[in-house]
Amino acid sequence: MNAHDEERITQLLKDSLPPISDAGPQRDLWPYLLQRLCAQPTAPPWFDWALAGGLAVFSVALPATIPVLLYYL
Amino acid sequence: MNPHPYLRAFLAGAFVPTLVLPLMLTGFIVARLVLQFPFPIERGIVFPMALVPSLWALWNMLWLGSHQRTHLALGTHGALLPLLLLPAGALLASCLGILSAGLSGVTWFHTLYLPYLLIAPCFLAVLAAYYLLWKHIVGFLNRTLGIA
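Bear in mind the structure is a predicted one, so any value in this text is a computation, not a measurement.

Draft legend 1. A look at the overall build of chain A. Tallying secondary structure elements over chain A gives four helices and zero strands in all. In chain A, the succession of helices and strands from N to C terminus is α-α-α-α. Expected size for 73 residues packed as a compact globule is a radius of gyration near 11 Å; at 31 Å, chain A overshoots this value by more than 25%. Along the longest, intermediate and shortest principal axes, the C-alpha atoms of chain A span 85 × 35 × 15 Å. In chain A, buried positions account for 10% of the 73 residues.

Next up, the structure:
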């Protein structure tokens, strides 16, 4: 393969691939990423706290059930 | 591009029971060897050690594959797993001789007597525990691994 062939192949490849336009994002994404990184994690809803509290009370009231509960984890 | 999402779902699903198992083993061994409780641990550990982690992992893969159609929240999906696990665990425990049914209740590990009246609250407690674990821990792992 001589230099002429290489140029020809290069030109053919360039012709066969569509020109890349608008490849970049429409807006600056860094502030959005920074906002996500700095966002405070949302607190669990009251329902989840109530369930966790109910489980704790259940375990304290009936400690004999703890091994049975662990058996299923 | 999201390579191997089901593999990541499998790993995220198996995480919690794999983490809990050594703690549970420690508790059972202390109870058996130190406190001299007559638990047949070698038989009782088969179900949580062999089946539960794999079922959690497969259940998370199932959620990944189905939630586009079902739109089921991860916590709710996780809370459905005990419906499968509880009968399977009870059946296996019964076959292994660590669960025996009596007239007014069941006896676990030849020691822990559980009246039938307490089975429903126990079932609800397991559902609640699964809901919380799946929603918060498996959900966190799924988000961290980029599959949720």
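Draft legend 2. Structural view of helix α1 (residues 5-34) of chain B. Residues and elements named next belong to chain B. The end-to-end C-alpha separation of α1 is 44 Å, in line with the 44 Å expected for 30 residues at 1.5 Å each. At F15, α1 shows its largest kink, close to 35 degrees, and the proline P17 lies no more than four residues downstream. All of the buried residues along α1 are R8, A9, A12, G13, A14, V16, P17 and F28. Positive phi appears at Q36, one or two residues downstream of α1, with a value of about 60 degrees.

Draft legend 3. Representation of the interface of chain B and chain A. With 25 residues of chain B at the interface, the matching set in chain A holds 17 residues. Mapped onto the side of chain B that touches chain A, the elements with two or more residues apiece are α1, α3 (46-70), α5 (81-96), β3 (112-115) and α6 (119-144) of chain B. The element that contributes the greatest number of residues to the side of chain B that touches chain A is α6 of chain B, accounting for nine residues. The class makeup of the residues in the side of chain B that touches chain A is 22 nonpolar, three polar and no charged.

Draft legend 4. Structural view of unusual backbone geometry. All names here are of chain B. Not every positive phi belongs to a glycine, and H4 is a case in point at roughly 55 degrees. Positionally, H4 belongs in the segment before α1. The exposed category is assigned to H4, around which 10 C-beta atoms lie within 10 Å.

Draft legend 5. Focus on the nonpolar core. Grouped together as the largest cluster of nonpolar side chains are 35 residues, with contacts concentrated most on W56, Y130, L133, W134 and V138 of chain B. Only α3 (46-61) and α4 (66-71) of chain A together with α1, α3, α4 (74-79), α5 and α6 of chain B provide two or more residues apiece to this core. With nine residues, the top contributor of residues to this core is α6 of chain B. When residues no more than four places from it in sequence are discounted, the contact partners of W134 of chain B are L74, G75, H77, G78, A79 and G139 of chain B.

Draft legend 6. Quick look at the sheet that holds β3 of chain B. All names here are of chain B. Pairing within the open sheet is antiparallel, and its three strands lie in the order β1-β2-β3. Strands with a single pairing partner mark the edges of an open sheet, and in this sheet they are β1 (99-101) and β3. Strand-to-strand twist of the sheet, defined as the mean angle between neighbouring strand axes without regard to direction, takes the value 20 degrees. Where β1 and strand β2 (residues 105-108) come together, three bridges link them in antiparallel fashion. When the bridges of β2 are listed, S100 appears paired with T107.

What counts as what
- Residues numbered from 1 in each chain as written.
- Chains lettered and ligands numbered in written order.
- Predicted model: local features only at pLDDT ≥ 70, side-chain atom pairs only at ≥ 80, totals over all residues.
- Helix = DSSP H or I, 4+ residues; strand = E, 2+ residues; numbered from the N terminus.
- Rg over C-alpha atoms; globule rule 2.2 N^0.38 Å.
- Buried ≥ 20, exposed ≤ 12 C-beta atoms within 10 Å, placed from the backbone.
- Expected span 1.5 Å × (residues − 1).
- Bend = angle between axes of the 7 residues up to and from the residue.
- Contact = placed C-beta atoms within 7 Å.
- Nonpolar A, V, L, I, M, F, W, Y, C, P; charged D, E, K, R; others polar.
- Core = buried A, V, L, I, M, F, W, Y, C linked by C-beta atoms within 7 Å.
- Pairing = 2+ DSSP bridges.
- Axes fitted to C-alpha atoms, helices over the stretch in contact; angles between N-to-C directions.

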